[in-house]
Amino acid sequence: MKQTLLAVALLTFVTAPVMASETTYALGAGVADIDGLEMIEFKGSVVSDFETLWTSIGATYSIADNLTSYMDGNTLEANAKLGIRVGNEGFEFRPYLAATIGRASLDSPFGDSTETFTFFGFGAEFQIQQHFVISAEYGQTNQDEYEFDTTRINFTYKF
């Protein structure tokens, strides 16, 4: 199922610029909790709006300082979202499915490591003003044989 979701999301993003009625850009920031590990996130994305569907493809850079008293970490990820739009332009609610692939780095006195991870989940955006959106997301981050519950809350400005 995860491969099917990723394939549908990628196909949608490849065809979105051709079929989209409107394309906008967004910048945002927020926080993530990955099984107790708290991270600060900075995001950028391209959003394509259809009549009732919308898509987003973007990148996120996350920072976790002082994971313990001696470790730091960060992630860089490419993310994709596919959702539906409910409401009019001034008051929108947008539930979505999300898929992400990324790299996580951990720096410690015991050595540095870099790992690949994936994330699959769902979320919703709520437009609070014309250009401002708040969103919440939940899903599973998978790294090798490990799975981590992940929640995110973000604030975004859409141009």
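Please read these numbers as outputs of a predicted model, since none were measured by experiment.

In terms of regular secondary structure, the chain is built from one helix and nine strands. What you see in the chain, going N to C, is helices and strands ordered as α-β-β-β-β-β-β-β-β-β. Across the 159 residues in the chain, those meeting the buried criterion constitute 40%. Counting only carbon and sulfur atoms, one obtains 64% of the accessible surface of the chain, whose full area is about 9,100 Å².

Assignment of secondary structure puts Ile34 in strand β1 (residues 22–34). Relative accessible area serves as the criterion here: at 17%, Ile34 is assigned to the buried category. Along the backbone, Ile34 and Tyr138 are 104 residues apart, and their C-alpha atoms lie at a distance of 10.0 Å. Apart from the residues lying within four places of it in its own chain, the contact partners of Ile34 are Met39, Thr141, Phe148, Asp149 and Thr150.

For strand β7 (residues 111–127) and strand β8 (residues 132–143), the ladder comprises ten bridges, and the chain directions are antiparallel. Residue pairing for β8: Ala124 is matched across the bridge by Ala136. The antiparallel pairing of β7 with β8 creates a hairpin that spans four residues between the two strands. The loop that links β8 with its antiparallel partner strand β9 (residues 146–158) comprises two residues; one of these, Asp144, has a positive phi angle of about 55°.

Right, let's talk about the pattern of salt bridges for a bit. In this structure the tally under the stated criterion is seven salt bridges. Between Glu41 and Lys43 there is a salt bridge, and its shortest N-O distance comes to 3.7 Å. Per residue, the accessibility class of Glu41 equals that of Lys43, and both read buried. Salt-bridge contacts for Glu137 lead to Lys81; the nearest nitrogen and oxygen are separated by 3.8 Å. Of this pair, Glu137 sits in strand β8 while Lys81 is found in strand β4 (residues 72–84), placing the two residues 56 residues apart along the sequence. The pair formed by Glu137 and Lys81 is uniform in burial state, with each residue classed as buried.

Calculation notes
Residues numbered from 1 in each chain as written. Predicted model: local features only at pLDDT ≥ 70, side-chain atom pairs only at ≥ 80, totals over all residues. Heavy atoms only, no water. Helix = DSSP H or I, 4+ residues; strand = E, 2+ residues; numbered from the N terminus. Buried < 20%, exposed > 50% of the residue type's maximum accessible area, 1.4 Å probe, protein only. Areas by Shrake-Rupley, 256 points an atom, 1.4 Å probe, with all protein chains shown as cover. Contact = heavy atoms within 4.5 Å. Pairing = 2+ DSSP bridges. Salt bridge = Lys/Arg side-chain N within 4 Å of Asp/Glu carboxyl O.

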